[in-house]
Amino acid sequence: MRHFPVYLDTKGQRIVVSGAGQTAVAKLRLILKTEADVLVYGEEPEAEIVAWAQAEKLSLTQRAVKAGDLAGARLVYAANDDETEDARVAALGRAAGALTNVVDNLEASEFITPAIVDRDPVTVAIGTEGAAPVLARKIKAMTEEALAAETGQLARIGRTFREAAEMLPQGAVRREFWSDYYGAVGPRALAAGGAPEVRRALWALLREKLASDARPGHVHLIGAGPGAPEMLTQKARRILHEADVVIHDRLVPAPILELARREALIVEVGKIPGDQSWRQDDINALMVRHAAGGARVARLKSGDAGIFGRLDEEIEALDGAGISHDIVPGITSAAAAAAAAGISMTRRGRNSSIRFITGQDVDGFAEHDWRGLAQPGSAAAIYMGVRAARFVQGRLMVHGATAETPVTVVENASRPEQRIVATTLGSLSSTMASEGIKGPAILFYGLAARTADVLPLPIDTPHSIAGEA
């Protein structure tokens, strides 16, 4: 991020615009929405600028700007449509201690003016670092459509009620009050009876919150999906925006965590195979402690919470402590990985079922019905199979699976670093090693990828497989 977005207080400040042509008019239409003292300098001004000056919306001087004109200015716009004159004005502005903007010249500017959606006092600023003005306008149009026209009026009424709302305790209860107001109570009252009805509704809502007991804590057990933020469900996004505490697995990536409120407490409780990690009992205790204190807890688990996520253990701990909870399903990693590789996990005439298994459990490598899996037509999505790849390969081949059985490995499904590796059971461990696959990865046994980044290596020798099995 090269340009850091901030909101500058313009009340009583001087904004100087050098230039009085159409370029200046375009900027002034926005600048005149502020509470600044606006001074325009330029010869042969456009009729709109003259009209604004006559209406005392700005001060117009019909000459080029001089150094003394910029004393005390907070912002200076060079909008002369003349490269040499704009450079001169920008230099004068910087010398006077003002922030300067040369219109349509990103490199010569100290700040840029974003596209703005105005619902005063609510404003949405949209910037693209000057890279895509057309995209900024498209986003502006979408935001204009999505943001209700009455948003500004509700915000203005709400601003007058902030002192009264301080009777509520800080934190979750007060946030819930404002969430209810802006989300339902305010819009409904405005439609029913205008501003007077909104004020009556605000007082009624405040009395309701003051009379109610403290909001109990709650834990949302959320499947965070395979990693791409766009694969997070809308319900999960909404909960993240509202949560007081976010407890997440190691595999939940930063782009998803950035959806949480800035004020939220975020705790990583990662489990790292073969390394120090959080004990499940400690994770359970952490959830219970925060929820017992009245917090809304978002417990983020990679993929779907109910598939190899130790969900039952956490539910039992919450039930035992009398903590309310709900489950928010997510897109499991196998579904995302199969989609990335162009695989249908079932198909008539090929496999009518698929098993979801794990390569590791609490005791080490996991044992399964290898004889059944080794039968022709069997298929499995193997989670946590990177470290267990040679073990799985050996068990299956010892029980009769053929070396030519296709295996598709999808690493980092849905993420920018995603890789799809096509191999066979006989080449599985060699391919995993040569490609440096570290995970997270899903191994599809018995399913061939339609598209892949890496082709199979020669089949591993039976001796090396048997030795590991």
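Conventions adopted
Residues numbered from 1 in each chain as written. Predicted model: local features only at pLDDT ≥ 70, side-chain atom pairs only at ≥ 80, totals over all residues. Heavy atoms only, no water. Helix = DSSP H or I, 4+ residues; strand = E, 2+ residues; numbered from the N terminus. Rg over C-alpha atoms; globule rule 2.2 N^0.38 Å. Buried < 20%, exposed > 50% of the residue type's maximum accessible area, 1.4 Å probe, protein only. Contact = heavy atoms within 4.5 Å. Areas by Shrake-Rupley, 256 points an atom, 1.4 Å probe, with all protein chains shown as cover. Salt bridge = Lys/Arg side-chain N within 4 Å of Asp/Glu carboxyl O. Pairing = 2+ DSSP bridges. Axes fitted to C-alpha atoms, helices over the stretch in contact; angles between N-to-C directions. Core = buried A, V, L, I, M, F, W, Y, C linked by side-chain atoms within 4.5 Å. Phe/Tyr/Trp six-rings, centres within 6.5 Å; stacked < 30°, edge-to-face > 60°.

A.B. asks: What should I look at first to understand the overall build of the protein chain in this one?
C.D. replies: The helix and strand tally for the protein chain stands at 16 helices and 19 strands. Against the 2.2 N^0.38 benchmark of 23 Å for 469 residues, the protein chain shows a C-alpha radius of gyration of 31 Å, more extended than a compact globule. Referenced to the eigenvectors of the C-alpha coordinate spread, the extents of the protein chain come out at roughly 90 × 60 × 45 Å. Expressed as a percentage of the 469 residues in the protein chain, the buried residues total 45%. Restricting the contact set of the protein chain to residue pairs at least 6 apart, pairs at least 24 apart contribute 64%. Of the accessible surface of the protein chain, which amounts to about 24300 Å², a share of 52% is contributed by carbon and sulfur atoms.

A.B. asks: So what exactly am I meant to see when it comes to the pattern of salt bridges here?
C.D. replies: When the charged atoms of two side chains lie near each other, side chains of opposite charge can form a pair. Applying the stated rule across the entire model yields 25 salt bridges. A salt bridge links Lys209 to Glu176; its shortest N-O distance comes to 3.3 Å. A residue is classified by how much of its surface remains accessible, and Lys209, at 10% relative accessible area, is buried. Between Lys235 and Asp326 there is a salt bridge, with the nearest N and O atoms lying 3.8 Å from each other. Of the two residues, Lys235 sits in helix H8 (residues 234–242) while Asp326 sits in strand E12 (residues 324–328), which places them 91 residues apart along the sequence.

A.B. asks: Explain the sheet that holds strand E3 (residues 59–61) to me, please; I cannot follow it from the model alone.
C.D. replies: Neighbouring strands of a sheet are bound in pairs by backbone hydrogen bonds; such pairs are parallel or else antiparallel. Read across the sheet, 5 strands follow the order E3-E2-E1-E4-E5 without closing on themselves; strand pairing throughout is parallel. The sheet terminates laterally at E3 and strand E5 (99–102), the two strands that pair on one side only. On average, each strand axis in the sheet is tilted by 15° relative to the strand beside it, whichever way the strands run. Sheet topology places strand E2 (residues 37–41) next to E3; 3 bridges connect them, and they run parallel. Across the sheet, the residue bridging to Leu39 is Ser59, located in E3. Each of strand E1 (14–18), E2 and strand E4 (73–78) is contacted by helix H1 (residues 22–31), which is oriented at about 165° to E1, the strand it contacts most.

A.B. asks: Sorry if this is basic, but what is going on with the pairing of strand E11 (residues 296–301) here?
C.D. replies: When a strand is regular, its side chains alternate between the sheet's two faces. Judged by how many residues are buried, E11 sits mostly within the fold: 5 of 6 residues are covered. As defined by bridge partners, strand E8 (residues 218–223) adjoins E11 across 6 bridges and the pair is classed as parallel. Bridge assignment links Ile222 to a residue of E11, and that residue is Leu300. In this structure, strand E9 (residues 245–248) lies alongside E11, joined through 4 bridges in parallel fashion. By the bridge assignment for E11, Val246 is matched with Ala298.

A.B. asks: Could you clarify how one ought to interpret the nonpolar core in this entry?
C.D. replies: Side chains of nonpolar character tend, in soluble globular proteins, to be buried together. One finds Leu396, Val409, Leu443 and Tyr445 to be the most contacted residues of the largest nonpolar core, which totals 22 residues. Every element with two or more residues in this core is listed here: helix H13 (370–373), strand E16 (380–383), helix H14 (389–398), strand E17 (406–411), helix H15 (428–434) and strand E19 (441–445). No other element matches the 4 residues that H14 contributes to this core. Filtering out sequence-adjacent residues up to four positions away, Val409 remains in contact with Arg419, Ile420, Val421, Leu428, Met432, Ile437, Ala441, Ile442 and Leu443. Core analysis: the next-biggest nonpolar cluster, separate from the first, contains 19 residues, Leu168, Tyr181, Val198 and Leu205 among them.

A.B. asks: What exactly am I supposed to notice about the packing of aromatic side chains here?
C.D. replies: The geometry of an aromatic ring pair comes down to the distance between the two centres and the angle between the two planes. Evaluation of the coordinates by the stated rule reveals 11 aromatic pairs. Judged by centre distance (6.0 Å) and plane angle (50°), the rings of Phe356 and Tyr383 are tilted. Pair noted here: Phe356 is in strand E13 (residues 355–358) and Tyr383 is in strand E16, with a separation of 27 residues, a long-range link. You can call Phe356 partly exposed: its relative accessible area is 29%. Each residue in the set Phe161, Phe177, Trp178, Tyr181, Tyr182 and Trp203 is aromatic and connected to the rest through ring pairs, giving one cluster.

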